[in-house]
Amino acid sequence: MNNITIYHNPACGTSRNTLELIRNSGAEPTIILYLETPPSREELTKLIADMGITVRELLRKNVEPYEQLGLAEDKFTDSEMIEFMLQHPILINRPVVVTPLGTRLCRPSEVVLDILPESQQGAFNKEDGEKVIDESGKRVKQ
């Protein structure tokens, strides 16, 4: 039974590493390519609430619409910022992962380990070569 969802951007290394950590636990998640299929206002609001973060904490700051829209200024309501994210999904930070154990913005990708129902099944290195999981499926302490 598939009970894990990832809001994924395949162009993002952190998102790819997070997806592979999910798969390394033996799960195949539902993958939502949120740039192509953005969440609804209700879904986005629920994700933010479930993560226990502020709307601003979910905003990506290093993308063009952020500067163009003046989002660095503290003059927008949560509702307005959510509307900007719905109009410009690139403003939604990623990856967001939902499991039975919780919902998290997985930055860094290892955050996903805190909410995966199953243990890692083998070694895992990030794309940059950083060892995250050893051969016995245990997290490597950094």
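Everything below is about the structure printed above this text.
In this numbering scheme, every chain counts its residues from 1 along its sequence in written order. Predicted model: local features are reported for residues with pLDDT of at least 70 only, side-chain atom pairs are reported and counted for 80 or more only, and whole-chain, interface and lining totals are derived from all residues. Neither water nor hydrogens contribute to the side-chain values; these are computed over all heavy atoms in the structure.

A. View of the overall build of the protein. Starting at the N terminus, helices and strands are each numbered in turn, a helix being any DSSP run of H or I of at least four residues and a strand any DSSP run of E of at least two. Along the backbone of the protein there are five helices and six strands. Mapped from its N terminus to its C terminus, the protein presents α and β elements in the order β-α-β-α-α-α-α-β-β-β-β. Only C-alpha atoms enter the radius of gyration, while the globule expectation follows 2.2 Å times N to the 0.38, with N the number of residues. Scaling as 2.2 N^0.38, a compact globule of 142 residues should have a C-alpha radius of gyration of about 14 Å, and the protein matches this with 16 Å. With respect to the three principal axes, the spread of C-alpha positions in the protein is 50 × 30 × 25 Å. Categorising residues by exposure relies on relative accessible area from a 1.4 Å probe, with only protein chains included: less than 20% of the type maximum marks a residue as buried, more than 50% marks it as exposed, and the intermediate range marks it as partly exposed. Looking at the protein as a whole, 44% of its 142 residues qualify as buried. Of the contacts formed within the protein by residues at least 6 apart in sequence, a portion of 56% connects residues at least 24 apart. Throughout, the Shrake-Rupley method with a 1.4 Å probe supplies accessible areas, and for residues the shown protein chains are the sole cover considered. In the structure as shown, the protein presents an accessible area of about 7600 Å², 49% of it carried by carbon and sulfur atoms. Whether two residues are in contact is decided by their heavy atoms: any pair within 4.5 Å suffices.

B. Main features of unusual backbone geometry. Geometrically, the link from Arg 94 to Pro 95 is a cis peptide bond, its omega value of -5° lying close to zero. On the secondary structure map, Pro 95 appears in the loop between α5 (78-87) and β3 (96-99). Geometrically, the link from Arg 107 to Pro 108 is a cis peptide bond, its omega value of 0° lying close to zero.

C. Inspection of the sheet that holds β3 at higher detail. The pairing criterion is simple: DSSP has to find at least two bridges between the two strands. Taken together, four strands build an open sheet; the order of strands is β2-β1-β3-β4 and the sheet is mixed. Unpaired on one side and paired on the other, β2 (30-33) and β4 (102-105) mark the two borders of the sheet. Averaged over all neighbouring strand pairs, the angle between strand axes comes to 15°, with direction disregarded. Contacts between helix α1 (residues 13-24) and the sheet are confined to β1 (5-8), β2 and β3, with β1 contributing the most and set at about 165° to the helix. To get an axis, a line is fitted to the C-alpha atoms, and for a helix only the part in contact is used. The angle between two axes follows their N-to-C directions and goes from 0 to 180 degrees.

D. View of the nonpolar core. By size, the foremost hydrophobic cluster in this structure holds 21 residues, and its most contacted members are Leu 44, Leu 58, Leu 59, Leu 71, Met 85, Leu 91 and Val 96. Elements with a minimum of two residues in this core: α2 (41-51), α3 (55-58) and α5. Only buried residues count toward a nonpolar core, which is a set of Ala, Val, Leu, Ile, Met, Phe, Trp, Tyr and Cys residues joined through side-chain atoms within 4.5 Å. Among the nonpolar cores identified, the runner-up in size contains 15 residues, and Ile 4, Val 97, Leu 113 and Phe 124 belong to it.

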